Amino acid sequence: MNNMRMLSEEEETSDGVEVTWEDQKQINTFAKLNARLRGIEDRLEQLKQEKEALDDLSTELELMDEDQVVLYKLGESFLHLSQADAMARLEIDQASVSSQLGELGGVAEECERGMKDLKVRLYAKFGKAINLDE
């Protein structure tokens, strides 16, 4: 949510703080981490939905007769599997999604830590002259 407003005269005038090359690199690093974090959050949301769908599928497969054949989607194609084979494949897929969720969660935390550190440094130097919030 962008809240745009006009700057007051005291906010508009420069404090005489010069932006050095190192400052600019830190600002760019913050922007890259922020963009990366947004992409990771989108992917995490997709994986959570996929995990929920797999959990629902697991429940449905458990309720099926063991002698029924299941159409199981693997990539772009569907395979005819027995109920037991489908359950085994489903467990592998659930473990894979859970693993990806854990890995991406760790990467997201790293990005957030880096952004927090950069925010502290940049706000200490520039104060209200810089806006690092969304």
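This text gives an overview of the structure that appears in the document. (Residues numbered from 1 in each chain as written. Predicted model: local features only at pLDDT ≥ 70, side-chain atom pairs only at ≥ 80, totals over all residues. Heavy atoms only, no water.)

1. Some words on the overall build of the protein chain
Put simply, the rule reads: Only DSSP runs of H or I covering at least 4 residues are called helices, and only runs of E covering at least 2 are called strands; the numbering of each starts at the N terminus. Here, residues are in contact when the closest pair of their heavy atoms is within 4.5 Å. Methods summary: accessible areas were calculated by the Shrake-Rupley approach with a probe of 1.4 Å, and residue burial reflects only the protein chains presented.
Helices and strands together make up the secondary structure of the protein chain, namely three helices and two strands. Written out in order from the N terminus, the α and β elements of the protein chain read α-α-β-β-α. For the protein chain, contacts bridging at least 24 residues in sequence account for 64% of all contacts bridging at least 6. With the model as given, the accessible surface of the protein chain reaches about 10100 Å², and the carbon-plus-sulfur share is 51%.

2. Regarding the packing of helix 2 (residues 21–63) against helix 3 (residues 83–126)
To be explicit about the condition: For helices, the fitted line uses only the C-alpha atoms of the stretch in contact; every axis is such a line through C-alpha atoms, and the angle between N-to-C directions lies from 0 to 180 degrees. Roughly parallel means an angle under 35 degrees; roughly antiparallel means over 145; roughly perpendicular covers 65 to 115; every other angle is labelled oblique. Note on convention: the crossing is left-handed when the near helix lies turned anticlockwise from the far helix by less than a right angle, right-handed when the turn is clockwise. Residue classes follow a fixed rule: Ala, Val, Leu, Ile, Met, Phe, Trp, Tyr, Cys and Pro count as nonpolar, while Asp, Glu, Lys and Arg count as charged, and any other residue, Gly among them, counts as polar.
Look at helix 2 against helix 3: their axes get within 7 Å of each other, and the N-to-C directions meet at 155°. By the angle class used here, helix 2 and helix 3 are roughly antiparallel. Our pair here, helix 2 against helix 3, has a crossing hand that is left-handed. Looking at side-chain class alone, the contact of helix 2 with helix 3 contains 23 nonpolar, 10 polar and 14 charged residues.

3. As for the side chain of Q83
This is how the line gets drawn: For every residue, the accessible area (1.4 Å probe, protein chains only) is compared with the maximum for its type, and the residue is labelled buried under 20%, exposed over 50%, or partly exposed between those bounds.
Counting through the fold element by element, Q83 comes out in helix 3. Given the relative accessible area of 9%, Q83 is considered buried. Those residues within four positions of Q83 in sequence are excluded, and the remaining contacts are L61, E62, M64, D65, E66, Q68 and V70.

4. With respect to the pairing of strand 1 (residues 69–74)
Which entries qualify depends on this criterion: By definition, two strands form a pair when at least two bridges between them are found by DSSP.
Inspection of the sheet shows strand 1 paired to strand 2 (residues 77–82) by six bridges, in the antiparallel sense. Looking at strand 2, one finds that L74 is bridged to S77. Counting the residues between successive antiparallel strands, the hairpin from strand 1 to strand 2 contains two residues, one of them, G75, with a positive phi of roughly 70°.

5. Regarding the side chain of D93
Within the element layout of this structure, D93 appears in helix 3. Residue classification places D93 among the buried residues on the basis of a relative accessible area of 18%. Residues in contact with D93, not counting those within four places in the same chain, are L54 and Y72.

6. A short note on the environment of K32
Note on placement: K32 falls in helix 2. Here K32 falls in the exposed class, since its relative accessible area comes to 63%. For the pair formed by K32 and C111, sequence separation is 79 residues and the distance between their alpha carbons is 9.4 Å.

7. Points about the pattern of salt bridges
For clarity, the cut-off: Any Lys or Arg side-chain nitrogen located within 4 Å of an Asp or Glu carboxyl oxygen qualifies as a salt bridge.
Under the definition given, this model contains seven salt bridges. When the shortest N-O distance is used, the salt bridge between R121 and D117 registers 2.3 Å. Of this pair, R121 and D117 both sit in helix 3, four residues apart, which is roughly one turn of that helix.

8. Points about the nonpolar core
As a reminder, the rule being used: Here the nonpolar core consists of buried residues drawn from Ala, Val, Leu, Ile, Met, Phe, Trp, Tyr and Cys, with membership extended through side-chain atoms lying within 4.5 Å.
If you look at the biggest cluster of nonpolar residues, it comprises 25 residues, and the most contacted ones within it are I40, L44, L61, A86 and L90. If you list the elements that add at least two residues to this core, you get helix 2, strand 1 and helix 3. If one sorts the elements of this core by residue count, helix 3 sits on top with 12 residues.

9. Observations concerning helix 2
Where we set the bar: Here a helix's expected span is defined as the number of its residues, less one, multiplied by 1.5 Å.
In this model helix 2 runs 63 Å from its N-terminal to its C-terminal C-alpha over 43 residues, within 8% of the 63 Å that 1.5 Å per residue would give. What helix 2 keeps buried is the set D23, Q26, F30, L33, L37, I40, L44, L47, L54, S58 and L61. Contacts from the buried residues of helix 2 go to strand 1 and helix 3.

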